[in-house]
Amino acid sequence: MEEQIRANCFHLLHSASASASPSPQDLTLSLSLILNPSTSDSTLSSLLQTLTLSLHQPHLPSLSLLPTLSLLSTLASHHPHLSRPIFHSIRSLSLTSPRALAASLSVLASLAESDQTLVPELSEFSETLFLTLCFKPSVSVRHWALMNAERLRIRPHLLVTVLLGFTRDPYPYLRAVALDGLVGLCKSIVVEDRELVETCCCRAVELFSDMEDCVRCAAVRTVAQWGQLLVALNHDSNRKNLSDALFLQLCSMVRDMSLKVRVEAFDALGEISTVSEEILLQTLSKKLLSVSLQGSKLTLRRHGLKEKTYSGLCSTKPFEIPASNSAGVFVHGLEDEFSEVRRSACHSLHTLSILSADFSGEALNLLVDVLNDDSMVVRLQALETLRCMALFDRLKVQEAHMHMFLSTLVDDGAVVRSAARKVLQIIKLEDVSIFKLCVDGLLENLEMYPQDEADVFSVLLSIGQHHGNFAADLIVGVSDEIEPCCDGKLVFGGGRVAALLVLAISAPLSHEKHTFSIPPRIFSYAVTLLGRISHALSDVMDQDTLLAYLSHCSSSTIISSGEFDYKRKELFLPVEDGSTNNPIYEKSCSADMQLQKLNGGASGSRCQKMGETRKVVKALLNYQVEDHGDVIKSVEFILEKVKDIWQLIQVGYTGEVLRTLRSWKEELAKFPTSSSAGAFAFSLHHLRIAKLLEKLWPHFISPRKLSSGMGELGLLLGKLDRTIKEMKYRFMGLSKQDELHVLELILLNCVLRLSSIEAFSDGSTLKKLHSTLSQIESLYSELSMEPSKFVSELKKSLHEIGFSADGPLYGPLLFRKSVEIFSLKQFVFSVQLKYIKAELDVSGNDFDKPFPFIPGLPVGIRLGITLYNISRENRLWLRLAVDDDLSEFVYLDFDQFGGNSQIREFRFNAPFYNTPKANSFTVKVCLGLECLSENVHSFKSCGGPKQELVYLCKQKEVFLSTVVKE
C-alpha cells in the first residue's frame, strides 16, 4: 500500500515537471515523504531528482520556483547527506527574478552554514550576486541583501563601501539596516584606517537629525562603536578631548522625542570608558558648572562651562560641540516618564561611577531617590549600580541616604530585598550609628518577611566581619535582650534574638581589636540554635565547624579569631597536663542540658521518647567527616544515619529533620560522583523518601489532620509511590536485604494510602499490598529470616479485616498500629550499585525554530538518546504526548544501535502519527522503563507498554509548526 502511494506521488510529480509547476497537492505529498522518518534513501534520491527537474524547466515563471526551493531546503536539513547535490543543483540555476535569486541565495547560504566544506564555493559567486541584489529596484530584496551580508561572506572592504552608500538610501529602513551593518562590521574586523573610521562616524552623526526614529537609533549605536574606535586610534594628546567630544555628541540625543532613541543614547553613554571629571559632574546638574582643582580639593562654580566647546569628531567637516550638551543629562534620564529610559540611565551610572570618586558621591544623591521608583526593574538596576560602586570602593553612604536605602529591605518584591542585602554585604561603613541603622533595617526585614531568614543571617555575618568593633559594641548594648528571663528560662524562639546571636558570632571573625568585649556566655546561647544558624551560614562553615567555634568562644576569656581558622576548619586549643580539651563534646552535652530545661515539664513516655530523640540529635550533630572529598564515606554515613531520622519524624521534630536532610543533600552535592554514581543517586532517593515521610506523618499521627488537606495528602502519596518505584526499578545490584527494605517501603505506602479517608475503599491498593506481601514472604523464606515486626503486625491486621462478597471491610484507622511499628531500615552500601538513567537531546529545536509538519500526516522527531546501564532484559518506551488524552508510545529496540550495557549513544527518528489539525503544537517527549514485575496495575495503552513506566529522564518539549508557503 505504501509503495503504491509513493508511486502515485512520483507519477504526479513527473507529470507536473513535464508540463507546469507542481501543484499544491504535489508539494504536500513531497513534504510528507521528506518528513516521514521511514522514507528510504532510494525514494529520497528519486524525489531529489524530480525536484531538480522541476527547477530547470525552461519556461517556468521564476516565482513558481519558491515552493520548490523551500522543499529542497527542508530536504537538506532533514537529510544532510544530500546537501552537496542540492547545492550544485541550485547554483546552476539562471534566474532573473530578484525574489527567486534572493531565495536561492538564502538556501545556498543555509547549506554552507550546515556544511562548512561548501563555504569556499559559496564565496566564489556570492559577492557578484550580492551586488546584483543591492542594485535591484525591489526594496525588500535590497533589505534582505544587507541583512544577510555576513552570511554571504562578503569581503569587509567591499561591504563597508556598500553600507556607506546605503546610508543615503531614500528608504529609512534601508538606512537603518546599513548603519547596523556598520556596527556589526566594527565588532567583527580590525580597522586601522583612521580616515575610514572618521568617515563612518561623520556619516552616522549626520543621521542624528534624520526624521525616522529607527534611523536615529541605529545612528547612535554606530557613533558609539566607531567613535570609540576613532578614540583608540588617536595616540596623541588630543585623545582625551576626542573622547570628551564623543561623550558630548551622544549627550545631545538623550532629550530626543523618541523613547527608543533616548534608551539607545543612555546605553551608549555607559560604554564610554574615558570622560573628563568636569563633564561627568555636569551631567548631574542642570545648572552649568565650572570645575577647578585647588590642591586636592574640587571647587564648583556656576556658569563657567557656558561658552566652552570641543572640536567635533570630523576633521574634514569641523564643527564645535558645546559642553552644555552634558548639562543635567542624568537628571533628565532618571526623571524620564518611561521606566525603560530610567533603567538605562541607571545602567550608565553603573559603569561611569567607576571613573570618578567625586562623580560617584554626587550620583549617589540621585540614586537614593530612584530606590523609591514605581518600577521594580528600575529599583533593581539602581541597587545593582550601588553594588558596583561598593565593589570599587566608590560608595560613601551618609546617614541622610539611609532612610531611602533601608526602605528597599522591606520592599514587596523578594528580588529587590535580595539585591538590597547584596549591597549591604559588601558596603564599608565609617560610623557606628549608620551600622546600627543597617542592622535595624535587617531586623525589620526579618520581622516582616521571615522567609528571608537565611539570607538575613548571612548578611549579618558579613557586615559583622567587616565591622567587628561596631558589631561588638552593638551586641554589648543589646545583651539584655539575649539573656535569660527573670525565671531563668531561655527564650530564643524569635528571629530577632537569633539574628543578634549571628551578629555576635561574626564579631570575633574580624581581625579588629576590642571584639573580646562580648560576654562568652552569649556564644553558649547560640548552641541551642545550632541547626537554624548553621543552615544560614553553610556557605561559610559547616555545622560541626560552627559548633567547635562556638565552644571555643564560649570557653575563652579573651575571644580572638587568631586561634580559629574557620576556612580551614581547624581549631587551635591549648593543651594542659597532657590532656586534650574536647569542647565539641562538652558543648553538645551543654546543649542537651539546655534542651532538657526547655522541656522540663514533659513527663511519662512522652518525656522518655523526647530524651531518646535528643540523643539522636546530639549524635547527628557530633558526626564529623574527616575527609570531605571521600564521597563513599559520606554515602555510608547517610545510609547508616537515615534510619535514626525516623525517631525525629515520629515525635514531630519537623525543623530538625528538614535541616538535617537538607544539610546532607548539600554535602553530597559538593562531591564528585563519577566513581560512585549509583550509590550517590541511591542516597539521594533515600533522602527524598525520608523527606516525604516527614511531610506525610502529621496527617497520620493526628486524626484531625487525617480528615483535612486530602488534596495535599494525595499528592504526597503519589510522589512517595513514584520515588519508591524508581528506587526499585532504576538500580541494579541491590542485595536481597535491600530489596526487602524497598518492598517494605512499598507496603508502607500502601498502608498509608489505605489509612487515608480518601482512599480507604481502594481495592486495587489492597491487592497490590497482598502481592507485595507475598514477594516479601518469599524473600524471607529464601534468606531464612524472621519477618520484621511491621510485616508481622500487618499480616495480623489483614487477617482481622478479612473479605466479604462486596469487597474488603475496613476503616482508615485499622492499620494505625502497623504504621506506628514501622521503622526505616539501614541500607548496605555497595560500590557495584548501578543507576539506570537516560538523556534526551532535541538539537536545533526551540520555540523560535520549530520542526515543520503537515496537519494530519505523520512527522519524524529527531532525538539524540544516551542510555546508561541498560541491559537486554529492560524494555524501553518513548512517550510522545500532546496532552493527557493524546499520547503515543514508541518501543525502543536499542540493540540495533550498538554500544554496550554501560553506555549507548545514538540518534533516533521517533514517528508521531496523530498530528492535530492546528498551525502549531508541542510534543512532550520522555523515555520510560517498563516495570515488568508489576502485576497489579496494568497500563491501559493501545500498542504501548502493558505495565506502568518509570521515567528515566526529564521531559523534553519539542515544538512543531506548519510550513509557511510563499
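Use the structure listed above.
Summarised in this report is the structure supplied together with it. (Residues numbered from 1 in each chain as written. Predicted model: local features only at pLDDT ≥ 70, side-chain atom pairs only at ≥ 80, totals over all residues. Heavy atoms only, no water.)

### Some points on the pattern of salt bridges
Tallied over the full model, the rule gives 32 salt bridges. Measuring nitrogen to oxygen at the nearest pair gives 3.9 Å for the salt bridge that ties Asp267 to Arg343. Of this pair, Asp267 sits in helix α14 (residues 259-269) while Arg343 sits in helix α17 (residues 339-352), placing them 76 residues apart in sequence. For Asp267, a relative accessible area of 26% translates into the label partly exposed. One continuous salt-bridge network, built from bridges that share partners, spans Arg84, Arg91, Glu121 and Glu124. (Salt bridge = Lys/Arg side-chain N within 4 Å of Asp/Glu carboxyl O. Helix = DSSP H or I, 4+ residues; strand = E, 2+ residues; numbered from the N terminus. Buried < 20%, exposed > 50% of the residue type's maximum accessible area, 1.4 Å probe, protein only.)

### Structural notes on helix α4 (residues 65-78)
The first and last C-alpha atoms of α4 sit 20 Å apart over 14 residues, in line with the 20 Å expected at 1.5 Å per residue. With 10 of 14 residues buried, α4 is to be regarded as a mostly interior element. For α4, every residue scored as buried is listed here: Leu65, Leu66, Thr68, Leu69, Leu71, Leu72, Thr74, Leu75, Ala76 and His78. The inward-facing, buried residues of α4 contact α2 (24-35), α3 (41-55), α5 (83-91), α6 (98-114), β12 (851-853) and β13 (859-868). (Expected span 1.5 Å × (residues − 1). Contact = heavy atoms within 4.5 Å.)

### Some points on the sheet that holds β13
On the basis of which strands lie adjacent, the open sheet formed by three strands has the order β11-β13-β16 and antiparallel pairing. Every interior strand has two partners, whereas the edge strands, β11 (837-841) and β16 (903-912), have only one. For this sheet, the mean angle separating the axes of adjacent strands, direction not counted, is 30°. Alignment of β13 against β16, held across 10 bridges, turns out to be antiparallel. Bridge pairing links Ile861 to Ala910 in β16. (Pairing = 2+ DSSP bridges. Axes fitted to C-alpha atoms, helices over the stretch in contact; angles between N-to-C directions.)

### Some points on unusual backbone geometry
Phi at Arg153 takes a positive value of approximately 60°, unusual for a residue other than glycine. If you trace the backbone, Arg153 turns up in the loop between α8 (139-147) and α9 (156-166). For Arg153, a relative accessible area of 31% translates into the label partly exposed. Even without being a glycine, Asn869 presents a positive backbone phi close to 60°. Structurally, Asn869 is set in the loop between β13 and β14 (876-881). Asn869 gets classed as buried once you look at its relative accessible area, which sits at 16%.

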